[in-house]
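# Observations on the three-dimensional arrangement
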Amino acid sequence: MRSSTTLFRRLGLVAVAILGGLATWPTASQAGDPFVAGGPSSRVIPVPADQLDRAAGHARALATALGLPGVSQRTARIDDRFDHRTYDEVTAFDAAGRAVALSRFDLDGTVALAVSLGWHAPNRRAIDAPTAIGRAGGLVRAAGLVPGGTPTARESAGAGGWSISWPRIAVGAVVRGDGIRISVWPDGAFHGLTRTERTLAAVPDHPIDRSNAQSAAGRVIANRFGSAAASLRTVAVDQAWVAANDTFGATGLDAPADSLRLAWVVRLDATGDLTERIHAVEIWIDAADGHLLGGDVAE
């Protein structure tokens, strides 16, 4: 679905960010600008040297814990206007000056991301899923994090190996896009880690029920799709924490909100001729008062 920012695509974007220069040095004209679609999503901001030194120390400790390569570092504080985050980013280089690892830390020093760049040549036989889960749990704890809940493991389609994730759960509902993910190479060597934990709005005192949420979603579908609404069939109605967007609003922009709200997520699959245009639709209904929070369209 086009507008979800998921945990599972972040590692793939890291290399693009490094090579494409998504973080840019600030100028006087852009210092206070909000995020504008089509522009750079993040930029370097000034910070006292002692704070950058502290981040560099966190990165060295993390490199020792996870076995990240590198003989020198470059540290910067990044303002990510799209994801509403500010973090310290440390890039590690080899003796030839090539970027070989990247780590990011929240301002309290908690690791948010770590990745070993480049290809890994396996030095032992491939591991199975239970072994990968055990290996990933050890890496998470070595990074100073405490995984919660039951992890899931899936084979990585691109680089090979395994992707193991612990979703974030709050009041019994999945926090979409949040949680911990570890990626390991086929032999179990560390590849990457992401941890996302965004701000959650207050839990509603008197949330609306499932039937009211489904009725509200039906009104959105009727307004958006007109006669084609009859070709959309409800297949799931579940609660989740989501970052509101404007997918069904006037602008259609889908930059996420800065905090997540508890929502009823109504998923509908397309049938008949409508499948030539779209495959599925999600409508996000605020669990507090039933208003539209946004959604997704899979085309």
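Reading guide: rules and limits
Residue indices begin from 1 for each chain and proceed along its sequence in written order. In view of the model being predicted, local features appear only for residues whose pLDDT reaches at least 70, and side-chain atom pairs are presented and counted only at 80 or more, with totals across whole chains, interfaces and linings using the full set of residues. As a convention, hydrogens and water are excluded, and side-chain values are obtained from all of the structure's heavy atoms. Here a strand is any run of E in DSSP of at least two residues, a helix any run of H or I of at least four, and the numbering for each starts at the N terminus. The rule is simple: take the accessible area with a 1.4 Å probe, protein chains only, and divide by the maximum for that residue type; under 20% is buried, over 50% is exposed, in between is partly exposed. Throughout, a residue-residue contact means that at least one pair of heavy atoms, one from each residue, lies within 4.5 Å. Only the protein chains shown count as cover for residues, with accessible areas throughout obtained via the Shrake-Rupley method and a probe of 1.4 Å. Nonpolar cores are built from buried Ala, Val, Leu, Ile, Met, Phe, Trp, Tyr and Cys residues. Side-chain atoms within 4.5 Å join them into one set. Values of pLDDT, which run from 0 to 100, indicate the predictor's confidence residue by residue. Here a polar contact is taken to be a pair of N or O atoms separated by no more than 3.5 Å, where protein atoms must pair a possible hydrogen donor with a possible acceptor and residues adjacent in sequence count only if both atoms sit in side chains. Classification of ring pairs rests on two measures: the distance between centres of Phe, Tyr or Trp rings, Trp counted by its six-membered ring, which must be within 6.5 Å, and the angle between planes, read as stacked under 30 degrees, edge-to-face over 60 and tilted in between. A pair of strands is considered paired only if DSSP assigns at least 2 bridges between the two. Any carboxyl oxygen of Asp or Glu within 4 Å of a side-chain nitrogen of Lys or Arg constitutes a salt bridge here.

This paragraph deals with the overall build of the protein chain. When its secondary structure is counted, the protein chain shows four helices and 14 strands. By residue count, 45% of the 299 residues in the protein chain fall in the buried class. Pairs at least 24 apart in sequence give 56% of the contacts found in the protein chain among residues at least 6 apart. A total of about 14,900 Å² of accessible surface is found on the protein chain, and carbon and sulfur atoms cover 53% of it.

Glancing now at the nonpolar core. Burial of nonpolar side chains together is a common tendency in soluble globular proteins. Core analysis: the largest hydrophobic core is formed by 30 residues, its most contacted members being Ile221, Phe225, Leu232, Ile278, Val281, Ile283 and Ile285. Going through the elements one at a time, strand E9 (173-184), helix H4 (210-225), strand E11 (232-243), strand E12 (260-270) and strand E13 (280-286) are the ones with two or more residues in this core. Discounting chain neighbours no more than four positions away, the residues touching isoleucine 278 are Phe225, Leu232, Ala270, Val297, Ala298 and Glu299. Of all hydrophobic cores here, the second largest spans 27 residues; its members include Ala136, Ala143, Ile164 and Leu193.

The next thing to look at is the confidence of the model for the protein chain. Looking at the protein chain, pLDDT values average 86 and 84% of them are 70 or higher. Scored below 50 in pLDDT, residues 1-33 makes 74 contacts in the model with residues more than four places away or belonging to other chains.

For the rest of this paragraph, the subject is the side chain of serine 163. With respect to the helices and strands, serine 163 occurs in strand E8 (residues 162-170). On the basis of relative accessibility, which here comes to 1%, the residue serine 163 falls in the buried class. Separated by 2.9 Å, the side chains of serine 163 and arginine 181 make a polar contact. For serine 163, the residues in contact, after removing those within four places along its chain, are Thr152, Ala153, Arg154, Ser156, Arg181, Ile182 and Ser183.

Our next topic: the packing of aromatic side chains. Each aromatic ring pair is specified by the distance between its two centres and by the angle formed by the two planes. According to the stated counting rule, one finds one aromatic pair in the structure shown. For the pair tryptophan 119 and tryptophan 185, a centre-to-centre distance of 4.9 Å together with 70° between the ring planes defines the contact as edge-to-face. Of this pair, tryptophan 119 sits in the loop between strand E6 (111-116) and helix H3 (129-142) while tryptophan 185 sits in the loop between E9 and strand E10 (190-196); the two residues are 66 residues apart in sequence, bridging distant segments of the chain.

Once that is clear, we can look at the pairing of strand E4 (residues 85-93). When you tally the buried positions in E4, you get eight out of nine residues, the bulk of the element. Bridge count between strand E3 (residues 72-80) and E4: nine bridges; the pairing is antiparallel. Each bridged residue has a counterpart across the sheet, and for aspartate 79 the counterpart in E4 is threonine 86. Following E3, the chain reverses through four residues before pairing antiparallel with E4; histidine 84 in that reversal takes a positive phi of roughly 55°. Where E4 lies against strand E5 (residues 99-105), six bridges are found, and the strand directions are antiparallel. If you follow aspartate 88 over to E5, its bridge partner there is phenylalanine 105. Linkage of E4 to E5, two consecutive antiparallel strands, is achieved through a turn of five residues, within which glycine 97 is found at a positive phi near 85°.

On to the pattern of salt bridges. Pairing is possible between side chains that carry opposite charge, provided their charged atoms lie close to one another. Within this structure, the stated rule accounts for twelve salt bridges. Put simply, aspartate 178 and arginine 168 hold a salt bridge, and the shortest N to O gap is 2.8 Å. Taken together, the residues aspartate 178 in strand E9 and arginine 168 in strand E8 connect sequence positions ten residues apart. Arginine 168 carries the same exposure label as aspartate 178, and that label is buried. Between arginine 176 and glutamate 282 there is a salt bridge, with its nearest N and O atoms 2.7 Å apart. Taken as a pair, arginine 176 in strand E9 and glutamate 282 in strand E13 lie far apart in primary sequence, 106 residues in all. Its relative accessible area of 7% is what places glutamate 282 among the buried residues. Among the ionic contacts, a cluster of salt bridges with common partners joins Arg85, Asp106, Arg195 and Glu197.

Assignment of secondary structure puts aspartate 286 in strand E13. With relative accessibility at 1%, the residue aspartate 286 sits in the buried group. Of note is the side chain of aspartate 286, whose polar atom sits 2.6 Å from the side chain of arginine 261. Not counting the four nearest positions on each side in its chain, aspartate 286 is found in contact with Ile208, Arg261, Leu262, His291 and Leu293.

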